[in-house]
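# Coordinate analysis (summary)
Each chain is listed here by its residues.
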Amino acid sequence: MAEHLYLSSLRILHYITFFLLILQIGLIKQVYSIQCYCEEDNCPKIAVNSTCIGKLGSMCFSNIQRYWELGHEYEVRTFGCLPAEEKTLMQCKANLVPHHPENPKTIACCNETDWCNKELRPNITQKFFTLDSGLLAYYHTINIVVPIVIVCFFLIVTLAIGYCCYKKYKKHQNLHCNYLEAAEHCKFIPTEDSIKDSIGHSLSSGSGSGMPLLVQRTIGKQIQMVKSIGKGRYGEVWLAKWRDEKVAVKVFITTEESSWQREIEIYQTVLLRHENILGYVAADIKGTGSVTHLLLITDYHELGSLHDYLRTHSLSTAMMVQLALTAACGLNHLHTEIRSTQGKPAIAHRDIKSKNILVKKNGTCAIADFGLAVQYFSASDQVDIKLNTGTHVGTRRYMAPEVLDNSLNTSHFESFKRADMYSFALVLWEIARCCSSGDTSDYQLPYFEFVPTDPSSDDMRDVVCIKKIRPSVPNRWCCNELLLTMSKLMEECWHENPEARLTALRVKKTLRKLECGDDDDDDTKVV
């Protein structure tokens, strides 16, 4: 009986175990829905017999990829399970998209039966780019036309540059030929004559405009260059000799031909010659191969410019007055129109500064450098201003307020003269500053304490036009009647209002009184 009871219990236990096994298999089937064939890296670690089991929603895949190595084509196939969370549907549709021939690969998926991917063979569909005949013809035309256009462009540019160079060369050649042709009608310079004799002959002839062209050309040919004594924006200044006489030769670079022509034009103006204007001797053109030298020959003054002179000399009051007066005489002669049969037009300098005023051996001044000058012809009421100069010309440190802010009226000649007077006031300040100082290092340029060594237009505009600053006047000037009068002259000449500035004639007369020693208050009053 006991044995029968034991066998019954054992049978019941087997039934329970079998039931639990069936239940477990059913649960696994609910979680793991498909078995797929896999190889190597695509098989999970728990895979048995190259089989991976995918969860519900998973799919089996077969992938193919081609690549080239050393000129040979290889094909690699991979197999495995695609989990549902890896967007199986999107990945499995990749075989519907053509692939680029440089990277051909594709994939195919299945989930119909277990190991369905083992015999699955996806086909690679390569992507080919084709152009219709019209677009192909367009690109073909572009490939032909673009190089032709580029070559034509560079050819046109080359021809234009060559034409400009040719025109410039012909211009210089014609200028030289015209100069020689005009000179053929003039008398030759006597061998025994000096420069002073030749100039005297030309003045006695009644022209007053300089020596005949052939005389100038003869001098130009006989000039012997000695040494370079200065450089500027226009070129270089040389000390030279002609018949053992020292002369200064200003050699212009070819790009400054207009300045060279302007200076000759001004220097040859009838009745311009004056003891306080730099003496003009001759002009010439010299060509050495492809290089053209434009020469302007003038008197030589070994003391140099007023700027250089003031840097190394301490002035007495008499010397101060003499320098200021003679400079004012030269400027007044420029500004003055002489009406006669062969009259002289009024001339404005437009670049008055201490570097453009020379000091002679006798302690007097001579104004030089007329490359920016303008002339006024009252008969036609015409202002003759050099082309391409505009209003903003000159040396920035010495520019008048109306020049700095471009408000100068170019159609009114008086505007140019008033701008000259502002610049001349700064020259007077430089001269007065070196008077009786006893220290030659005291020399400074105007506005030295307000602007850098090479100020820009904006620097000067800020100081002169906006802040309305003028050079400072030392207190010691108030203790000397001459210096006090000089300071009054400056203040009247650098006035902000151009119409309120003194004329060169008024300054000349006031300084003449100082020279005569008539420095009483009534006599030296600036009006």
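A short tour of the structure in this document, coming up. Please read these numbers as outputs of a predicted model, since none were measured by experiment.

Criteria and thresholds
Residues numbered from 1 in each chain as written. Predicted model: local features only at pLDDT ≥ 70, side-chain atom pairs only at ≥ 80, totals over all residues. Heavy atoms only, no water. 1 Å grid on protein atoms, 1.4 Å probe; cavity = no way out; pocket = protein on both sides within 12 Å on 5 of 7 lines; lining within 4 Å. Points joined across faces, edges and corners; volume = space filled by probe spheres on them. Nonpolar A, V, L, I, M, F, W, Y, C, P; charged D, E, K, R; others polar. Domains from an automatic or database assignment. Helix = DSSP H or I, 4+ residues; strand = E, 2+ residues; numbered from the N terminus. Salt bridge = Lys/Arg side-chain N within 4 Å of Asp/Glu carboxyl O. Buried < 20%, exposed > 50% of the residue type's maximum accessible area, 1.4 Å probe, protein only.

### Description of the layout of surface pockets
- Taken as a whole, the largest pocket holds about 1100 Å³ of empty space.
- If you go around the largest pocket, you meet 40 residues; those closest to its centre are K231, Y234, S305, K355 and N356.
- Residue classes in the lining of the largest pocket are distributed as 14 nonpolar, 12 polar and 14 charged.
- Shared between two domains, the lining of the largest pocket holds at least three residues of each, these being domain 2 (195–299) and domain 3 (304–517).

### A short note on empty space enclosed by the protein
- Per the stated rule, a full pass over the model turns up 2 cavities of 30 Å³ or more.
- Its boundaries defined by the atoms lining it, the largest cavity holds a volume of some 160 Å³.
- If you trace the largest cavity, you find 16 residues lining it, with R350, V393, V403, A419 and S423 closest to the centre.
- Ranked by the residues each element gives to the lining of the largest cavity, the list is headed by helix 10 (residues 413–433), at 4 residues.

### Points about the pattern of salt bridges
- Taken as a whole and judged by the stated rule, the model has 14 salt bridges.
- Linking D458 and R461 is a salt bridge whose minimum nitrogen-to-oxygen distance equals 2.5 Å. In this pair, D458 and R461 both sit in helix 11 (residues 457–466), 3 residues apart, roughly one turn of the helix.
- D458 gets classed as exposed once you look at its relative accessible area, which sits at 52%.

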